[in-house]
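One-letter residues, chain by chain:
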Amino acid sequence: MPIEICTIGGFSECGRNCTAIRVDDEVVILDLGLEMESYIRHTQQDRDNVVKLDAEDLIKVNAVPNLHLISDWMPMVKAIIPSHGHLDHIGAIPFLAVKFPHIPIISTPYTIEVISSILKEERLQLSNELIVKKAGQKYKVSDKITVEFVHVTHSIPHTAMLVVETPYGRVVYANDYKLDMTPTLGKKPDLKRIKELGNEGVDLLICESLYAGEHRKTPSEAVAKQMLKDILNRECSDGHGLVVTTFASQIARIKSIIELGGKLNRKIVFFGRSLRKYLLAAQRIGLLEIPKSIPLLSRRQELDKMMRQINREGQEKYLIVCTGHQGEQRAVLSRIARGELALKLNSKTMCVFSCSVIPVELNIQNREKLERTLRSSGVRIFRDVHASGHASREDHRELIQMLKPTHIVPSHAGFGLAHHLRDLAVEMGYVDQKTVHMMEDGKRLVLE
Ligand SMILES: [Zn+2]
């Protein structure tokens, strides 16, 4: 039997990423993620919070990958290998890894640190060994499977393109990535190694395709930093209150915010549990130095105490960074907007959304509601001060040109968007209709 893959999750929808690769009687699972909207609906939890829940319930509501789709492969699974630390790639590990108590979870330093933080915070225990591999390193998983971690840029540190080497060929898993040649934290993507892989031969590329229909190259994180700088510098001089919200795992962006806030001589404060969790994880592995003067607060009493101090001293002396960029009801920003926390908003407060709205109904509605509430207090809003972490069509073109794959499977988009990557790959001539495979969740593909 040659290489067989099963696209378990993230192929009929955007989220709960999971792919299994089988070589004879050895299987590796790449990513084990949550589908955030189903998860939030089911648990009534906010984004970025993981709590203890029953795996079978979560499978039933489509919040995690349905591992029953590979029930015949389960005894053969040798490792779980996440590509990066986003919850749609690792968030199901606390619930599903118990099904494989004796296999390791292998990933890059920040990814493993985030997994450990989630487990610790929720007092969950796994017996799986957590193995750290840096970008550029390889790990022999089993007799016939070796995995290599190749550094790429994305919107969370230490994202890897996974290269699965087998005696029958090589699979490259680029889910997620962008090609950012001016990153603001960490290195540029390892194009040298990517090109080498292409020259040595790639049998299958599994590739995210969320923005494959966007005819452009995704702007660099340096562009988002410049956008933030323009707003903060100009508006700050007028004595405004500044509230910035962004993805808690967007450590590069948060580094820029700390840098810019420092130059403005404002006291920086972080509010919110998930910001605290992801920032401390970054600090623990030396990715980011958070000055001792910056409080990372998450408990209600701590928040109110600091907010009363801000009201007393004046918002213009502070730069507030908080959770709630998608308008999540229980996150700090929505609670401030509704007047449930002590911070007093006024017409001199500016709210910077350093993020995009993740385009699902729940987020769109929540954000509209939040912005309406903020505006009713006179708050000025700056939306979309952001650069995406996902590749656009021209990034994909570059990656496909470098890797020259024999087969392609578009991922991370569902059918609505994945066909754009198929069309691009066919147009480029590396694959044809027979060698680009539109997969659904639960489908299997044998590479002959
Ligand atoms: Zn991601």
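Since the structure is predicted, the reported quantities are computational estimates derived from the model, not experimental observations.

Let us look at the overall build of the chain. When helices and strands are tallied, the chain shows 14 helices and 19 strands. Relative to the globule expectation of 22 Å for 448 residues, the C-alpha radius of gyration of the chain, 22 Å, shows essentially globular dimensions. The principal-axis extents of the C-alpha atoms in the chain amount to approximately 70 × 45 × 35 Å. Per-residue burial for the chain yields a buried fraction of 51% across its 448 residues.

With that out of the way, let us pick up the environment of Val-163. Along the polypeptide, Val-163 turns up in strand 9 (residues 159-166). Take Val-163: there are 20 C-beta atoms within 10 Å of it, and that puts it in the buried class. In sequence terms Val-163 and Val-147 are 16 residues apart; their C-alpha atoms lie 5.5 Å from each other. If sequence neighbours within four positions are ignored, Val-163 has contacts with Val-147, Glu-148, Val-150, Arg-170, Val-172 and Leu-197.

You can read the domains of the chain as domain 1 (3-217 + 389-447) and domain 2 (221-382). When each unit is reduced to the centre of its C-alpha atoms, the spacing between domain 1 and domain 2 is 31 Å. Of the residues lining the interface, 22 residues belong to domain 1; the matching set on domain 2 comes to 25 residues. At the level of elements, helix 1 (36-43) and helix 5 (109-121) are the ones that each hand at least two residues to the side of domain 1 that touches domain 2.

On to the sheet that holds strand 16 (residues 349-354). The 6 strands lie next to each other as 14-13-15-12-16-17, forming an open sheet whose pairing is parallel. At either margin of the open sheet sits one strand with a lone partner, and together these are strand 14 (296-297) and strand 17 (380-382). When strand 13 (residues 267-271) meets strand 14, the two strands line up parallel, connected through 2 bridges. Within strand 14, the position partnered with Phe-270 by the bridge is Leu-296. Across the face of the sheet, helix 8 (residues 251-263) comes into contact with strand 12 (241-246), strand 13, strand 15 (318-322) and strand 16 while running at roughly 165 degrees to strand 12.

Counting 136 residues, the largest nonpolar core has Ile-21, Val-28, Met-161, Leu-162 and Val-172 as the members making the most contacts within it. When residues are assigned to domains, this core turns out to be shared by domain 1 (3-217 + 389-447) and domain 2 (221-382), each giving three or more. Once you skip the residues sitting within four places of it in the chain, Val-172 turns out to touch Met-161, Val-163, Leu-197, Val-202, Leu-205, Leu-403 and Pro-405.

Reading the values: the criteria
- Residues numbered from 1 in each chain as written.
- Predicted model: local features only at pLDDT ≥ 70, side-chain atom pairs only at ≥ 80, totals over all residues.
- Helix = DSSP H or I, 4+ residues; strand = E, 2+ residues; numbered from the N terminus.
- Rg over C-alpha atoms; globule rule 2.2 N^0.38 Å.
- Buried ≥ 20, exposed ≤ 12 C-beta atoms within 10 Å, placed from the backbone.
- Contact = placed C-beta atoms within 7 Å.
- Domains from an automatic or database assignment.
- Pairing = 2+ DSSP bridges.
- Axes fitted to C-alpha atoms, helices over the stretch in contact; angles between N-to-C directions.
- Core = buried A, V, L, I, M, F, W, Y, C linked by C-beta atoms within 7 Å.

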